[in-house]
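Architecture and fold: a report
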Amino acid sequence: MIPFFIFISVLIVQRLFELMIARRNEKWMKEQGAFEFGRRHYQFIVLMHSMFFVVLLFEKLTFSREVSVYWPLLSSVFICAQLIRVWAISSLGRYWNTKIIVLPNVDVVRRGPYRFIKHPNYLVVSIELLVVPLMFGAYVTACLFTILNILLLSIRIPAEEKALGELTQYEGSFENCNRFLPKLLNKYDN
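Residues numbered from 1 in each chain as written. Predicted model: local features only at pLDDT ≥ 70, side-chain atom pairs only at ≥ 80, totals over all residues. Heavy atoms only, no water.

Comments concerning the overall build of the protein chain
Inclusion rule: Under the scheme used here, helices are H or I runs from DSSP no shorter than 4 residues and strands are E runs no shorter than 2 residues, and both carry numbers assigned from the N terminus. Atoms considered for the radius of gyration are the C-alpha atoms alone. The globule rule reads 2.2 Å times the number of residues to the power 0.38. The buried label goes to any residue with under 20% of its type's maximum accessible area, the exposed label to any with over 50%, and the partly exposed label to all in between, with areas taken from a 1.4 Å probe on protein chains only. Two residues qualify as a contact provided that any one of their heavy atoms is within 4.5 Å of a heavy atom in the partner residue. Positive charges are assigned to Lys and Arg, negative charges to Asp and Glu, while His and the chain termini are left out of the count. All charge positions are set by atom: Lys at NZ, Arg at CZ, Asp at CG, Glu at CD.
When helices and strands are counted, the protein chain shows six helices and two strands. Listing every helix and strand of the protein chain by position from the N terminus yields α-β-α-α-β-α-α-α. A compact globule built from 190 residues should have a C-alpha radius of gyration of about 16 Å, and the protein chain, at 18 Å, falls within 12% of that. Overall, the protein chain is about 50 × 45 × 25 Å in size when its C-alpha atoms are taken along their principal axes. Within the span of the protein chain, comprising 190 residues, buried residues form 41% of the whole. Considering only contacts within the protein chain whose residues lie at least 6 apart along the sequence, 83% involve residues at least 24 apart. Computing the positive centroid from 21 side-chain charges and the negative centroid from 14, the protein chain places the two 3 Å apart.

Structure representation (structure tokens):
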């Protein structure tokens, strides 16, 4: 049980650190003239991410779930996702945020994982919401939050893409790029 609490504590601290980065970036972007979009749905994203930890803890403690026999594979997937998260955040630099904040007429970032997919951070979150509960045998949490995440991303991603499309050259920059999975072949390859 102690490894579970250490793992979850580290994950919570990571999220809090990311929120500090996001707030600093938000302040800087708004000072540069950025606009915020999607305020109404953002509160539900915050609620979902907060409730994820509550439900995970509840399921783990209530049902005394064991660590999955697949934990080595699942933890490897988790670590890879964390590396992509750091890559995505560092690639966006001051433009990274948990909110939809767009600075008009800036060049769209196409470095790091953004060379391959439009939304690497959402991919990472989707992996985490599935893999973390599965590592600890919390199958209800894995199913519930995967479904909730899909529902929220079905609102979030179109809102973000619309905002970026209105204020930047987003569409042209990402016309040959998928949302979550990289294209394996260039459109000119046969």
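After presenting the structure, the write-up continues.
What about the environment of Leu 167?
Mapped onto the elements of the fold, Leu 167 is located in helix H5 (residues 139-167). Separated by 95 residues in the primary sequence, Leu 167 and Pro 72 place their C-alpha atoms 44 Å from one another. Ignoring anything within four residues of it in the chain, the contact list for Leu 167 reads Phe 35, Phe 37, Val 102, Leu 103, Pro 104 and Asn 105.

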